[in-house]
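As a plain string of letters, each chain reads:
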Amino acid sequence: MSDQTQFYLSTLLIYLFIDIIGVLGLNLQFGVAGIINFAYIVFVAVGAYTAAVLSLGPDYPGNFQHYVFGANLPFPLPIVAAGVASGLLSLVVGVISLRRLRSDYQAMVMLVLSLIATLVATNATGLVNGPAGLATVPQPLYDWLGLAPLDYQWAYAGWCAVLTAVIFLFVRGITNSPLGRSLRAMRDNDRAAAALGKNVTAMRLLIFVVGGAIAGISGAVFVEFIQAWSPGSWLYPETFVFLAAILVGGAANNWGVMLGTLLVPVGFLEATRFLPQVFYNGFIEAMQWVCVGLLILVFLWFRPGGLIPERAGRYKPRAEAPSGTSE
Amino acid sequence: MNQLIPAIGFGLITASILCIAAVGFTLQFSVTNILNLAYGDIMTACAFAAYLANHAGVNIWLAMVIAALFGAVFSVVINRFVYFQFVRRGTRLFGMIIVTIAMSLIIQNVLLAIFRPTFFSYHTSPGPSYNFGGMIFTASQLAIIGIAVAAMLAVHLLSTRTKLGKAMRATATNPSLARSCGIATDQVIDVAWFVSGALCGIAGVALVLNTATFSEVTGAGFLVPIIAAAILGGIGQPYGAMLGALTIGLASEIAATVISPSYKDVVAFAILIVVLLVRPQGILSEVATAKEVAV
Amino acid sequence: MTEQDAPILSVRDVQRDFGGVKAVDGATFNAQRGRITGLIGPNGAGKSTLMGIVAGAIKPMAGTVSFEGRDITGQPPHRIARHGLIRTFQLSAEFAKLTVLENLMVAAPGQKGESLLGAELGPLYWGRSEASLVRTARDVLDRFAMAPKENELAGNLSGGQKRLLEIMRALMAKPKMLLLDEPFAGVNPTLAREIERYLLDLRAEGLSMIMVEHELAVVERICDPVVVMAQGKVISEGSMRDVSARKEVLDAYLVG
């Protein structure tokens, strides 16, 4: 296999794992707990920015970019900090904006927050360098490992694989437990869940924070690979790519959403990258977004459960036969 | 202080455009209980329709009529063939919002694919300027304000004086009751979307007339102020939308002049988020607690 | 008054307005232990609002609600449920994407594995209590003859089966008192007789209940005492026979 192919494949693999982490977090919030978070990409961005400003060296006058902190922290501290930062922000946002609103209003609140966040990041130039964003974010352990660039990529892919596995097990630990069951009940009918003694506000906030932290980790690992991050990387429609992956793959099913991630952000969007540029540069990108929209509509219409639908709990069957039937 | 008067002038123009748009938006909500987040993109599509007519030689004001018709038909088609189909299936409220956002993505990017990422403008001149005690308006802008007033009057008369208007209000308040009184709610909904689609088209062209150049994202960029105006006034209430439009139009322009130009957008965002979190029913409405989509 | 005679639920001078309309206007009544107390009255009398207030879904503007001697006024629904006051809903409130068995299991209070840490500790931690929960739930299914539907998604049940599910789920929540919101509305007569039997059995086992109901025939058969509401107030209390003879009650139903 040529070096060029290997570079491409390893990059694709890294993107796949990072997207899976992101999708698992949103699936926990939306698919399992029914929290409508149309601002999810903001928490990915906060993680990315946090990791970036903590990995970069200190800012100085005359620097081509301006930002806060600049602590030059070594791996894996920026990633941990990213998860914490996104988690904390989720807590604040959750407390303020998760309300007993009609669900489309709730969706709009989050969407507007997403737009506000973009406004703030673009205009507050000293914070994270405004519209130009940050660049030259150091890749973790690059010098210490001393690997050739291609080998480093494969190592990075391996690291992402491990992280993805850990997060998958963590998320699955929730969904396959009594907590997961209570979350799904809350999603299906939160009034009834509350009437049975479930503290839905606390559960919702908990999952919002956990999902937010996972988003932050996804962003951190992403920025440490591509080494740059700007408002253009996290516009509000990006949340809908994740959403499309969830709808296509199967909401609330961890394996389903991983399949959806393989198919949508990675498979579909990457495959169409190889199509020759027709009409003009950027036509393909526009059509990709049209297809994301169409995918969402088609799946919502034909197969809202997704390719691998949610699995309701199965328990060990009884030893003896049950009695009678009603109706 | 002498900056304030011209700012109020700008505010009135923005308020006029916002008024037309917000009343259309709120009308769609009132009869179908849907927040149509593709509304801004439909405005853009209408603006492009006018562009095509205009560059084929049609006068811009006539092109606006064409755009209004296009918007009317387009909106009815989208509601009938997409939104209503999902509603009939039992899609819940946030499911519908996902549908409208998907629609928005599709429309915006189809426009991008067709017209390419560049800027467009109409073949028209703003006309002579007039000074009203410190507020300066071009003839075009005065026309826009005039159109807004006329449109609001038309909506008011339609809503209160005609049988159709009464049927729309009945459908908006209680669809099943309206049906049992013999009102053909399906057709009433079509008409409501036709009218609101026309308003959408007029607003789209007016928006472009006021901003000189436009691209496929122009309408979408106006969506937040539209929603803010509609929700501030009380979603589903046309008079509320007018009130909200006036408030936000004036507030944005005054903030832009008095504080800084980048604050123009911020005002609409801030008002919307505060209203959603503090008083989601807005000034005039009682809606906000969970009410599922009207069928 | 001995400990046994003290009312299990006590509602005092509760008031609640909605946009200027007095939905509940100084309602006062007691519910006794081990009885099925009926709550009846014409449309608009304020019964649902009062139920909502007792269950914690609506905050009263004035007045108190006490359960087993403890003041629960204004507490959120989940805390009131934890005290043992469990409400059922009139319209289907099943967890549609969960199986019937899961619907029952989720209702049980105090489950290991419901906290984040507990969940992550895995089946080693919560496996044993889960298994016993499965057994308890299956016992309830057997009792209501719904065992074959164990793995059916609750959203696919018939209307009548959903009603039974509502009651079974409430039982799993270890209630000391049930608040039944029109359990017989729109139910076919055969199922209605079944539900009546189940409720009487539960009463015999000592479960207290309040039942809001319009079907006066059922109320007459299984409720004692009956509380009558009209225009936001409690206008009469007593057995169905006594109450249906009183002038103020007849007037209220005629005026509506």
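Cut-offs and rules
Residues numbered from 1 in each chain as written. Chains lettered and ligands numbered in written order. Predicted model: local features only at pLDDT ≥ 70, side-chain atom pairs only at ≥ 80, totals over all residues. Helix = DSSP H or I, 4+ residues; strand = E, 2+ residues; numbered from the N terminus. Rg over C-alpha atoms; globule rule 2.2 N^0.38 Å. Buried ≥ 20, exposed ≤ 12 C-beta atoms within 10 Å, placed from the backbone. Contact = placed C-beta atoms within 7 Å. Nonpolar A, V, L, I, M, F, W, Y, C, P; charged D, E, K, R; others polar. Expected span 1.5 Å × (residues − 1). Pairing = 2+ DSSP bridges. Axes fitted to C-alpha atoms, helices over the stretch in contact; angles between N-to-C directions.

Draft legend 1. Here's a closer look at the overall build of chain C. Counting its secondary structure elements, chain C contains ten helices and ten strands. Relative to its length of 256 residues, chain C is compact, with a C-alpha radius of gyration of 19 Å against a globular reference of 18 Å. Projected onto the principal axes, the alpha-carbon positions of chain C cover approximately 60 × 40 × 40 Å. Counting across all 256 residues of chain C, residues that qualify as buried make up 43%. A sequence separation of at least 24 residues applies to 66% of the contacts in chain C between residues at least 6 apart.

Draft legend 2. Spotlight on the arrangement of the chains. Of all two pairs of chains in contact, the one with the most contacts involves chains A and C. A gap remains between chain B and chain C, with no contact made and the closest C-alpha atoms lying 9 Å from each other.

Draft legend 3. Local environment of the interface of chain A and chain B. Contacts between the two partners involve 32 residues from chain A and, on the opposite side, 34 residues from chain B. Only helix 3 (77-97), helix 4 (103-123), helix 11 (237-249) and helix 13 (283-302) of chain A provide two or more residues apiece to the side of chain A that touches chain B. Here the residues of the side of chain A that touches chain B are counted per class, giving 24 nonpolar, five polar and three charged.

Draft legend 4. Structural detail: helix 5 (residues 123-143) of chain C. With 21 residues, helix 5 of chain C ought to run about 30 Å at 1.5 Å a step, and its terminal C-alpha atoms sit 28 Å apart, in line with that. What helix 5 of chain C keeps buried is the set Trp126, Glu130, Leu133, Ala137 and Leu141 of chain C. For helix 5 of chain C, the elements touching its buried residues are helix 8 (178-188) of chain A together with helix 3 (100-107), helix 4 (116-121) and helix 6 (159-172) of chain C. Of the residues trailing helix 5 of chain C, alanine 145 of chain C is marked for its positive phi of about 55 degrees.

Draft legend 5. Molecular detail of the sheet that holds strand 3 (residues 36-40) of chain C. Residues and elements named next belong to chain C. In space, the six strands of this open sheet follow the order 6-7-8-3-9-10, with mixed pairing throughout. The sheet terminates laterally at strand 6 (85-87) and strand 10 (233-238), the two strands that pair on one side only. In this sheet, neighbouring strand axes are inclined to one another by 20 degrees on average, regardless of whether the strands run parallel or antiparallel. Bridge count between strand 6 and strand 7 (residues 177-181): three bridges; the pairing is parallel. Note on strand 7: the bridge partner recorded for isoleucine 86 is leucine 178.

Draft legend 6. Quick look at the sheet that holds strand 4 (residues 62-67) of chain C. On the basis of which strands lie adjacent, the open sheet formed by four strands has the order 2-1-4-5 (chain C) and antiparallel pairing. Where the open sheet ends on each side, the last strands, each with one partner, are strand 2 (21-31) and strand 5 (70-71) of chain C.

Draft legend 7. Inspection of the interface of chain C and chain A at higher detail. The partner chain A presents 34 residues to the 46 residues of chain C that form the contact. Within the residue set of the side of chain C that touches chain A, elements represented by two or more residues are helix 2 (77-82), strand 6, helix 3, helix 4, helix 5 and helix 6 of chain C. Per-class residue counts for the side of chain C that touches chain A are 26 nonpolar, ten polar and ten charged.

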